[in-house]
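# Overview (structure and organization)
Listed here are the chains, written in short residue letters.
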Amino acid sequence: MRIVAALGGNAILRRGEPMTGETQRANIRTAAQGLAQLVTAGHSLVVTHGNGPQVGLLALQSAATPQSPFPLDVLDAESAGMIGYVLQQELGNALPDRLVTTLLTQVRVDPADPAFGHPTKPIGPVYEQAEAQALAAARGWQVAPDGDKWRRVVASPAPLAILEAEVLKILVGQGVIPICAGGGGIPVVSLPQGGMTGVEAVIDKDLASSLLARQIGADMLLMLTDVAAVYRGFGTPGAEALGQVHPDDLSPADFPAGSMGPKVRAGVEFVRATGGQAGIGRLEDAAAIVAGQAGTRIVPA
């Protein structure tokens, strides 16, 4: 199968872990070893990844400089290069006989998308509520709850087109493993006079990966995170893990907008559009999810 595997930013840097290069490399090494199992099993692989913790940290660092801070689209590109480099190296170490490359990926969005007026995408470190609200007041942020903590939230417009999709088809056709759409891709809009320019946003990685999977003809969309499956009533005593489900049995509105909701929406859209399959689960369970032995699988029948 041709699989688009989307690594969550919180799988690369787990909640509560120190935001250090060593920690992230160790997690990425584990991810690479799991993804390598899919390749050795005979699957064709395209890798995407999140950047929520990383781009938020870069935004903090940029805001601390005396010069004007870099806009989010530039920081999206910076985080995609940073994570892509380590992931490319660790995948290459795990698969020494395969070619692996990182491609900065532009994703077109609508400048009139209502998401620009209603930020929902969490980025950066987590804070206690009082600290988050103080930072919001001081820096003009918008903040929102994220589990039992609070985080900065930014606009997350819907992806409309992966501009490098044809390049990715060529790479995959030649047996290359591409790492792309880092952080959901670099958000760009069309200019009236022609061409593109970046905008201040962070695209949801799962929705971008779903669109990418459709554009390159993937058979499966695999979304890997730090929870074992999709749960109804997550965090409650009656939480129920979902195994194999049909798209009609899932409503993205029933799941949190900043975390599992986009994954469910991405999976449902991919399965309905292609007749393929989508899987959601833990990073370390990647091969088992593909085999139908772990996680949640959204199937057409």
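Check the entry above for the structure.
Within each chain, residues carry numbers counting from 1 in the order of the written sequence. Local features in this predicted model are restricted to residues of pLDDT 70 or higher, and side-chain atom pairs are both shown and tallied only at a pLDDT of 80 or more, whereas totals for entire chains, interfaces and linings draw on every residue. Values reported for side chains reflect all heavy atoms of the structure, with hydrogen atoms and water molecules removed beforehand.

For two strands to count as paired, DSSP must find a minimum of two bridges between them. Secondary structure is summarised from DSSP: a helix means a run of H or I of at least four residues, a strand means a run of E of at least two, and numbering begins at the N terminus for each. The sheet built from 4 strands is open, its strands ordered β8-β4-β10-β11 with mixed pairing. The open sheet has two edge strands, β8 (161-162) and β11 (196-198), and neither has a second partner. Here strand β4 (residues 106-108) runs beside β8; their pairing, made up of 2 bridges, is antiparallel. Note on β8: the bridge partner recorded for Val107 is Ile162.

Glancing now at the environment of Ala165. With respect to the helices and strands, Ala165 occurs in helix α6 (residues 165-173). The criterion used for residue contact is that any of the two residues' heavy atoms lie within 4.5 Å. Those residues in contact with Ala165 that lie beyond four places of it in its chain are Gln215 and Ile216.

Turning our attention to the sheet that holds strand β6 (residues 142-146). The antiparallel open sheet is built from 3 strands, whose spatial order is β5-β7-β6. With one partner strand each, in any of the chains shown, β5 (121-127) and β6 form the two edges of the open sheet. Going from strand to strand, the sheet's axes swing by 40° on average, the running direction of each strand aside. As paired elements, β5 and strand β7 (residues 149-154) share 4 bridges and run antiparallel to each other. Bridge pairing in β7 places Tyr127 opposite Trp150. To get an axis, fit a line to the C-alpha atoms, keeping to the stretch in contact for a helix; angles then go from 0 to 180 degrees between the N-to-C directions.

So, on to the packing of aromatic side chains. Aromatic rings from Phe, Tyr and Trp, with only the six-membered ring used for Trp, were paired whenever their centres fell within 6.5 Å, and each pair was classed as stacked if the ring planes differed by under 30 degrees, edge-to-face if by over 60, and tilted otherwise. What the rule picks out here adds up to 2 aromatic pairs. Ring geometry for Tyr127 versus Trp141: centroids 6.4 Å apart, planes at 45°, classification tilted. Of this pair, Tyr127 sits in strand β5 while Trp141 sits in the loop between α5 (129-139) and β6, and the two are 14 residues apart along the sequence. Judged by its relative accessible area of 10%, Tyr127 falls in the buried class. Here's how the labels work: a residue is buried when its accessible area is under 20% of the maximum for its type, exposed when over 50%, partly exposed in between, all with a 1.4 Å probe on protein chains only. Residue class for Trp141 comes out buried when judged on its relative accessible area of 14%. Relative to Phe234, the ring of Tyr231 has its centre 5.7 Å away and its plane inclined at 55°; by these criteria the two rings are tilted.

So, about the pattern of salt bridges. Criterion for a salt bridge: a side-chain nitrogen of Lys or Arg within 4 Å of a carboxyl oxygen of Asp or Glu. Applying the stated criterion across every chain yields a total of 13 salt bridges. Across the salt bridge formed by Lys149 and Glu128, the nearest N and O atoms sit 2.3 Å from each other. Of the two residues, Lys149 is situated in strand β7 and Glu128 in the loop between β5 and α5; the sequence distance between them amounts to 21 residues. Its relative accessible area of 24% is what places Lys149 among the partly exposed residues. For Glu128, a relative accessible area of 44% corresponds to the partly exposed category. Glu166 is the salt-bridge partner of Lys169, the closest N and O atoms lying 3.2 Å from each other. Highlighted residues: Lys169 and Glu166, both in helix α6, separated by 3 residues, approximately one helical turn. Owing to a relative accessible area of 33%, Lys169 belongs among the partly exposed residues under this scheme. Residue Glu166 is classed as exposed on the basis of its relative accessible area of 52%. Connected through shared salt-bridge partners, Arg25, Arg29 and Glu90 make up one network.

Viewed as axis vectors pointing N to C, helix α3 (residues 52-63) and helix α4 (residues 72-94) meet at an angle of 125°, and their least axial separation amounts to 9 Å. Taken together, the axes of α3 and α4 lie oblique to each other. Handedness of the crossing formed by α3 with α4: right-handed. Here Gln54, Val55, Leu58, Ala59 and Ser62 of α3 lie close against α4, whose contacting residues are Leu72, Leu75, Asp76, Glu78, Ser79, Met82 and Ile83. All residues other than Ala, Val, Leu, Ile, Met, Phe, Trp, Tyr, Cys, Pro, Asp, Glu, Lys and Arg, Gly among them, are scored as polar; the first ten of these are nonpolar and the last four charged. Of the residues assigned to the contact of α3 with α4, the class counts are 7 nonpolar, 3 polar and 2 charged. Under this scheme an angle from 65 to 115 degrees is roughly perpendicular, one under 35 degrees roughly parallel, and one over 145 degrees roughly antiparallel; angles in between are oblique. Note on convention: the crossing is left-handed when the near helix lies turned anticlockwise from the far helix by less than a right angle, right-handed when the turn is clockwise.

Let us now look at the environment of Thr102. Following the sequence through the fold, Thr102 ends up in strand β3 (residues 100-102). Given the relative accessible area of 27%, Thr102 is considered partly exposed. Any pair of nitrogen or oxygen atoms within 3.5 Å is treated as a polar contact; in protein, a donor-acceptor pairing is required on top of that, and neighbouring residues in sequence qualify only through side-chain atoms on both sides. Among the polar contacts made by the side chain of Thr102, one reaches the main-chain carbonyl oxygen of Gly84 at a distance of 3.2 Å. A polar atom in the side chain of Thr102 sits 2.7 Å from the side chain of Gln88.

That's the geometry; what it means functionally is another story.
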